[in-house]
Amino acid sequence: MLAAICILSLAASILSSFLLLLGLFRPVLVLWFLDRSNRLKVIQFYGTSTFLFTGLYFFSKMLG
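Residues numbered from 1 in each chain as written. Predicted model: local features only at pLDDT ≥ 70, side-chain atom pairs only at ≥ 80, totals over all residues. Heavy atoms only, no water.

Chemist: Teacher, can you tell me more about helix α3 (residues 39–63) here?
Modeler: Helical periodicity: at 3.6 residues per turn, an α-helix aligns residues three or four positions apart in one direction. The terminal C-alpha atoms of α3 lie 35 Å apart, and with 25 residues this matches the ideal 36 Å at 1.5 Å per residue to within 8%. Those residues of α3 not exposed but buried are V42, Y46, S49, T50, Y57 and S60. The inward-facing, buried residues of α3 abut α1 (2–25) and α2 (27–30). (Helix = DSSP H or I, 4+ residues; strand = E, 2+ residues; numbered from the N terminus. Expected span 1.5 Å × (residues − 1). Buried < 20%, exposed > 50% of the residue type's maximum accessible area, 1.4 Å probe, protein only. Contact = heavy atoms within 4.5 Å.)

Chemist: Would you take a moment to explain the environment of S9 for this structure?
Modeler: Inspection of the secondary structure puts S9 in helix α1. Among the residues examined, S9 registers a relative accessible area of 2% and is labelled buried. Considering only alpha carbons, one finds S9 and T50, 41 residues apart in sequence, at a separation of 9.6 Å. Contact partners of S9, with chain neighbours within four places excluded, come to F53, L56, Y57 and S60.

Chemist: What's the story with the packing of aromatic side chains in this structure? I'm lost.
Modeler: Within a pair of aromatic rings, the relevant descriptors are the distance that separates the centres and the angle that separates the planes. In this structure the tally under the stated criterion is 4 aromatic pairs. Seen from their ring centres, W32 and F33 are 5.6 Å apart, and the 90° between their planes marks the pair as edge-to-face. Here F33 falls in the partly exposed class, since its relative accessible area comes to 40%. Of the aromatic side chains, those joined through ring pairs into one cluster are W32, F33, F45 and Y46. (Phe/Tyr/Trp six-rings, centres within 6.5 Å; stacked < 30°, edge-to-face > 60°.)

Take it as geometry only, folks, not as evidence of what the structure does.
Right, dumping it as structure tokens:
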């Protein structure tokens, strides 16, 4: 179970960091669901998720 959490958090971290980089070039591609999209919102949304999923990955690796 812990290995599955580790793999899923690593995949989510990689995906959110890719979307963060993509959103820094074209914010409308990754924030299409918001009425206004800019780079600050991309950093807030995907930067936070990248940070949280990376932290979850390292925490689960530390436990296992």
